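Listed here are the chains, written in short residue letters.
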Amino acid sequence: MSESATTGPEPAAADSDPSGLRVLSLVTNHRARFYLQQLDSLRERGIRVDVVPVPDGTSGSGSRQPLDYARFYAAALWASRGDYDVVHANYGLSAPPAVLQWYHPTVVSLWGSDLFGTYGAVGRWAARFADEVIVMSEEMAAELDDDCHVIAHGIDLERFRPEPQAACQAELGWNPEAAQVLFPYPADRSVKNYPRAERIVEAAAAEIDREVELQTVSGVPHEEMPTYINAADVLLLTSHREGSPNSVKEAMACNLPVVSVDVGDVDERLAGVEPSAVHTDDSALTDCLVEIIQHGERSNGREQISEISLRRQIDRLVGVYRRALTA
C-alpha cells in the first residue's frame, strides 16, 4: 500500500483550522525526537496537548519497574477525567489506561517494538479496544492484521536538507580523508545491533584503499543531526527491529546513501533511491558499502521523500483525531 493507504477507511482530511482540539497524550518515551517533533507541530497548529509520561525508573536500577507503570496508569486514568477530545497513547505500553478509560475516544499509535518485541501482546490487546490505531509501516499493518492507519513519522524537510559535506565535516572535526560511515545511534542500544555494524565496516575497510571510520551518535540535539548526516558518506542500519526508522528518512532528505538490513519499512522507503541498498546478509551489505564509498555519490533520496513530510504526517494525524471523535 502507499503511504496514504490504510487497512481501514482513509482518515478524514484535517480541518484547515484544527485549533481548539484538546488531546491527552500518554507516552513511554517523552524524550524521543520524533515524538517531540510531533508534539511541537500539533501545538503550533493551536491544538492543546497535555502529556503524561511513564516515570523514569525509581528503583535505582536505571530501568523501569512494574511500580513505575502502576504509578503511570493511575496518573493517566486520573488525567483522562479532564476536558479532552481525544486520548492518544503513544507506544503499546502506554495504551492500557487509554483504552480502559471511558470518558474520551482513544487513538493508539504503535511504534514497532511494541508490536514485534517482548511486550507485543500488550499493544495487540490495546489495539482491539481503541477507536483508531496508527502503525508506522505496512509490515506492522500486516502483522497487526486489523483495521489501522499507516502513518510513518514525518520529516522536517526544512531542517533536513543537503548541505556541503566538507563544511559539515570541518564543524564536527571529522577526518576528510577517511570514508565516514554513520551509525546514528549509541553503540550500547542493543536493538540497533552495533556489533554487526562494526563487523560490516571492518570487512569493507579491508577492501578499500583508504581509512573507514564508523561514527556513532549519542546525546546529540535533534537540530544538530543534519550536520552529522551531511558530513557522512553513507548511513548504515543493522537493527534487529524497526518500525519506520526516522534515521533512514532523514538521510534520504539529505541525499545521504543508505545501506540497511531488511527491517521495518526500509525496503519500501528506499525503492527507487540510488545509490542505496537493502540486504539480509553481511557479505552483500559489505559489498554495497564498499561500492557506495568508492563511487562517492550522493543519493536521489530527497526526490522520494516528499510524501512523508512532517506537515503531511500531522495533517493525517489530525484527520485520525477527527475520525475518533465520530467513531
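See the structure above.
What this report covers is the structure whose coordinates are included nearby. (Residues numbered from 1 in each chain as written. Predicted model: local features only at pLDDT ≥ 70, side-chain atom pairs only at ≥ 80, totals over all residues. Heavy atoms only, no water.)

### As for the packing of helix α8 (residues 194-205) against helix α12 (residues 282-295)
Interhelical geometry of α8 versus α12 gives an angle of 55° and a closest axis separation of 9 Å. Comparing their axes, α12 and α8 come out oblique. Both α8 and α12 take part in a crossing whose hand is right-handed. Here R196, R199, I200, V201, A203 and A204 of α8 lie close against α12, whose contacting residues are D282, L285, T286, L289 and V290. Tallied by class, the residues present in the contact of α8 with α12 amount to 7 nonpolar, 1 polar and 3 charged. (Axes fitted to C-alpha atoms, helices over the stretch in contact; angles between N-to-C directions. Helix = DSSP H or I, 4+ residues; strand = E, 2+ residues; numbered from the N terminus. Parallel < 35°, antiparallel > 145°, perpendicular 65-115°, else oblique. Left-handed = near helix turned anticlockwise from the far one by under 90°. Contact = heavy atoms within 4.5 Å. Nonpolar A, V, L, I, M, F, W, Y, C, P; charged D, E, K, R; others polar.)

### A closer look at the pairing of strand β10 (residues 258-261)
Burial of β10 is two-sided: the residues V258 and S260 facing one way and the residues V259 and V261 facing the other way are all buried. Relative to β10, strand β9 (residues 234-237) is paired through 3 bridges, and the arrangement is parallel. Across the sheet, the residue bridging to L237 is S260, located in β10. Read as a crossover between parallel neighbours, the route from β9 over helix α10 (residues 246-253) to β10 is right-handed. When β10 meets strand β11 (residues 277-279), the two strands line up parallel, connected through 3 bridges. The residue bridging S260 from the neighbouring strand is V278, located in β11. (Buried < 20%, exposed > 50% of the residue type's maximum accessible area, 1.4 Å probe, protein only. Pairing = 2+ DSSP bridges. Right-handed = clockwise from strand over helix to strand, strands pointing away.)

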